[in-house]
Amino acid sequence: MISASTSSPDTLDLSITGMTCAACANRIERKLNKMDGISATVNYATEKAHIQSADGSSAALPDAQEFIDLVDSMGYGAQVDRPASAAEDAETEDDGAPDQELHTLRQRVVISAWLAVPVIALAMVPALQFKHWQWLSLTLAAPVIVWGGWPFHRATWKNLKQSAFTMDSLITIGTLSAFAWSLYALFFGSAGMPGMRHSWVLFGPDAGSTHGGPAGDIYLEVGAGVILFVLAGRYFEKRAKHRAGSALRALTQLGAREVTVCEWESAGEVGAGAGSVVPRSERTLPIDQLQVGQYFVVRPGEKIATDGVVVDGHSAIDASMLTGESVPVEVHAGDRVTGATINTSGRLVVRAEKVGADTQLAHMAKLVEEAQSGKAPVQRLADKISGVFVPIVITIAVAVFVGWWLATGDIARGFATAVAVLIVACPCALGLATPTALLVGTGRGAREGILIKGPEILESARGVDTAVLDKTGTVTTGEMTVTAVNSEPGWADAEVLRLAAAVEAGSEHPIGRAIVDAAGEQRGVETKETGEKVKRFRSIAGRGVEATVDGRMVQVGRGFIEASSELIPVIVDGKLAGSIEVRDGVKPTSAAAVADLKRMGLRPILLTGDAEAVARRVATEVGIDAADVIAEVMPEDKVAKVRSLQEREAVVAMIGDGVNDAAALAQADLGIAMGSGTDAAIEAADITLVRAELPAVVDAIQLSRRTLRTIKGNLFWAFAYNVAAIPLAAAGLLNPMLAGAAMALSSVFVVSNSLRLRGRS
């Protein structure tokens, strides 16, 4: 088990509690950034603060308690976002149940709805207004306004002590003003008289009571209705965050929870031979207790506990759950293995090299969280507006109240209009527009194996017009298949294949498995497990395999005799008997993915170090034009090829899968790492694809574009809502309760629009 949240001496992540709107996040961010040498970002959607050195240096930050005390002094809560242990993760694993805060909020919404709906109905439908209906409305509305709205009132008070105003300030001022006015009218005015009737209009302030005068009007439905609508909006917002975060939690659940640590009498015993080491003792520990340098055993079918190096044993590793690569990779002593991958066959002894937050899986999860916590350039404007919006709105509301009072002499109408301005102007939707879309978009990406490094990547993905594709492992399967057998004079094709398969049956190399599979059920092919004809099997590093078959020495491999990249020589008793053509087959999905890239307006280019003939064959199979094939390119020259395309004004996405592609990935306008998921590739890339399929590239670009479109759509409607609603409210054309409903619905619209990213439309 891992946690996505990690901190190093030069960075710090804090979990923030008590934020109720984007203005809160903006205020905390500004306060943190006033500290010397500090650069901080606070994300309202993820409720996290990311703190680092202002100049990007690796200088150590002050003690975390300084930041926590600062946040606490502002009326919010903060704690270091630490990695959870395996036991903690097991207890908090997402089982579909909402967290306590979401559960409490839902209770508040349900109870407020039961109480507020009758109040709204009585105010809106005069036929329901019996003799003393106004006192029943007070009885039902008071708990909603006081208890239901308590989170807003508490936040307003805390912020007021800091001379700050937030969205909660608008809600509290508006609803408590409506409540106080109603209490005055009921107890000291004419609104409490038996038989009082109250008319209600959809557009404009209430028409008033039948008793006339400002003291005859009550606004209990405004206070209760606004609280209900805002609470409902807050609940749906919180639930959306919880649902969007489930993808990241699922990624962190991939790792092993326990590890079998082993010890020997002396270090010299380790690596004595494949499967030959017998430990002095073994013990099972929780994964969070494993330390760097310790040795652990991985039996067939078990997950590899952490990143490390094989010191003993031989097996094939299934990394499909982490990388999407369908072909198990052979590992021997000296090979590196990655945590969360599965040992499919032999017993391995591994020395731990990275644990906890340093592992590749933790790093991948961290990429997702950083993308969700970061801020796209388009969000900066929204943050600036949210930071100054509330004081401006309060000023407008006061001016509207005075203006209506002086112009009409009707203090009640002035009051109702000012309340409508206060409530309708809450910038909730503006603050939610960008972070919720990022949260949902990157969350969906994580579920599909698409890890977006940061929100600024969305802008890069939008402008891409050229896709440069590495061949091996990207367009092709990396899974070898036999396409032809070429025998020398005096030999039959079937005999050459039979002898090669007999030897390769003792190997688990992908090429060997391809030859054995091709031989199939051919009579006479024996394996070391079932027959007596194959003896003295030996695998020779860098050359191939050999064995005695029917008394003849058979050698299979390119290292025994010079051959082209797709031919495997078969040598019998020192003489060439024939060759087997083995190709890295094109993935079944590659041709369709290339077609999709073209439909999206991208020009696909195949870039590979393979021979020209091989590259052209692959390009033809997947539909890449011959003019767009760049072959026989050394790894160090890939950067120059990408730069050359950029100099011709192409916006380049480079898609590669390994260390050799890292420099080109960094050079490209958009770097997409896929397949092997090496540290170098992930670090250099802007997007990492955990599943090694070319359609994932299409999905990544489409998802990035859709997320950016959603953000811009959210911002447009949030801005348009406030630009249109405030003048309408100030003109007296919005009932205060309708203004509250419109404000809440604007937030729900933004969240719902963002949740559309979970689908594929």
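These figures come from a predicted structure and were not determined experimentally.

Parameters and conventions
Residues numbered from 1 in each chain as written. Predicted model: local features only at pLDDT ≥ 70, side-chain atom pairs only at ≥ 80, totals over all residues. Heavy atoms only, no water. Helix = DSSP H or I, 4+ residues; strand = E, 2+ residues; numbered from the N terminus. Contact = heavy atoms within 4.5 Å. Areas by Shrake-Rupley, 256 points an atom, 1.4 Å probe, with all protein chains shown as cover. Polar contact = N/O pair within 3.5 Å; in protein donor to acceptor, adjacent residues only side chain to side chain. UniProt positions renumbered as here; feature names shortened; annotations may be inferred. Phe/Tyr/Trp six-rings, centres within 6.5 Å; stacked < 30°, edge-to-face > 60°. Buried < 20%, exposed > 50% of the residue type's maximum accessible area, 1.4 Å probe, protein only. Lys NZ or Arg CZ within 6 Å of the ring centre and 35° of its normal. Expected span 1.5 Å × (residues − 1). Bend = angle between axes of the 7 residues up to and from the residue. Pairing = 2+ DSSP bridges. Patch = residues over 30% accessible without salt bridge, like charges linked within 9 Å, V, L, I, M, F, W, Y side chains within 5 Å. Salt bridge = Lys/Arg side-chain N within 4 Å of Asp/Glu carboxyl O. Lys, Arg positive; Asp, Glu negative; His and termini not counted. Charge placed at Lys NZ, Arg CZ, Asp CG, Glu CD. Axes fitted to C-alpha atoms, helices over the stretch in contact; angles between N-to-C directions. Parallel < 35°, antiparallel > 145°, perpendicular 65-115°, else oblique. Nonpolar A, V, L, I, M, F, W, Y, C, P; charged D, E, K, R; others polar.

With that settled, the discussion passes to the overall build of the protein chain. Looking only at helices and strands, one finds 24 helices and 28 strands in the protein chain. Put simply, of all contacts in the protein chain between residues at least 6 apart along the chain, 70% involve residues at least 24 apart. Here the protein chain has roughly 31,200 Å² of accessible surface; of this, 57% comes from carbon and sulfur atoms.

Before going further, it helps to examine the side chain of R706. The topology assignment puts R706 in helix α23 (residues 694–730). A polar contact of 3.1 Å, which involves the side chain of R706, links it to the backbone oxygen of R756.

What follows covers the UniProt feature "transmembrane region" (unreviewed entry) in the protein chain. The UniProt feature table records "transmembrane region" (unreviewed entry) at residues 109–127, 133–152, 164–187, 218–236, 385–406, 418–440, 714–731 and 737–755. Between the end C-alpha atoms of residues 218–236 there is a gap of 30 Å, over a span that is 89% helix and 0% strand.

So, about the packing of aromatic side chains. For the coordinates displayed, the defined rule picks out 6 aromatic pairs. Centroid distance W135 to F187: 5.4 Å. Interplanar angle 70 degrees. Geometry classified as edge-to-face. Of this pair, W135 sits in helix α5 (residues 133–148) while F187 sits in helix α7 (residues 167–188); the two residues are 52 residues apart in sequence, bridging distant segments of the chain. Considering the side-chain rings of W717 and F749, the 6.1 Å spacing of their centres and the 80 degrees angle between planes classify their relative orientation as edge-to-face. Of the two residues, W717 is situated in helix α23 and F749 in helix α24 (residues 736–755); the sequence distance between them amounts to 32 residues. With relative accessibility at 48%, the residue W717 sits in the partly exposed group. Among the aromatic residues, those joined into a cluster by ring pairs are F716, W717 and F749. Geometry around W147 places R108 over its ring, the cationic atom sitting 4.7 Å from the centre.

Tracing the backbone shows V556 in strand β21 (residues 552–556). Owing to a relative accessible area of 1%, V556 belongs among the buried residues under this scheme. Along the backbone, V556 and P569 are 13 residues apart, and their C-alpha atoms lie at a distance of 5.9 Å. With residues up to four places along the chain from it excluded, the contact list for V556 reads A500, V503, E504, I515, R543, G544, V545, I568 and P569.

Look at helix α4 (residues 100–124): 35 Å from first C-alpha to last across 25 residues, which is about the 36 Å you get at 1.5 Å a residue. Remark: the principal bend of α4, roughly 30 degrees, maps to A113.

Before going further, it helps to examine the sheet that holds strand β24 (residues 603–607). Across the sheet, which stays open at both edges, the 7 strands sit in the order β16-β28-β27-β26-β17-β24-β25 with mixed pairing between neighbours. Since the sheet does not close on itself, it has two edges, and those belong to β16 (450–452) and β25 (629–630), each with one partner. Where strand β27 (residues 670–674) lies against strand β28 (residues 687–689), 3 bridges are found, and the strand directions are parallel. Bridged to A673 within β28 is T688.

Let's shift gears to a negative patch on the surface. On the surface, a cluster of negative charge is made up of D63, E66, D69 and D72. Assignment of secondary structure puts D69 in helix α2 (residues 64–73).

Moving on, we get to the packing of α5 against helix α6 (residues 150–161). Following both chains from N to C, one finds α5 and α6 inclined at 45 degrees, their axes separated by 5 Å at the closest point. Here α6 runs oblique to α5, going by the angle between their axes. Contacts between α5 and α6 involve I145, V146, W147 and G148 on the former and, on the latter, W150, P151, F152 and H153. When its residues are assigned to classes, the contact of α5 with α6 shows 6 nonpolar, 2 polar and no charged.

To continue, consider a nonpolar patch on the surface. Judged by side-chain polarity, M124, V125 and L128 come together as a nonpolar surface patch covering roughly 230 Å² of accessible area. Looking at the element boundaries, V125 is found in the loop between α4 and α5.

This paragraph deals with the sheet that holds strand β14 (residues 342–343). If you trace the 3 strands from one edge of the open sheet to the other, you get β12-β11-β14, paired in antiparallel fashion. Across the chains shown, the open sheet's two edge strands, defined by having one partner strand only, are β12 (329–331) and β14.

Here 5 bridges tie strand β20 (residues 544–549) to β21, and the two strands are oriented antiparallel to one another. When the sheet's bridge partners are listed, V549 is paired in β21 with R552. Hairpin connection, β20 to β21: the antiparallel pair is bridged by 2 residues, and D550 has positive phi, about 55 degrees.

Where strand β7 (residues 258–263) lies against strand β9 (residues 295–298), 3 bridges are found, and the strand directions are antiparallel. Bridging from a neighbouring strand, V261 pairs with F296 of β9. Looking at chain direction, β9 and strand β15 (residues 348–352) are connected through 4 bridges and run antiparallel. The residue bridging F296 from the neighbouring strand is V350, located in β15.

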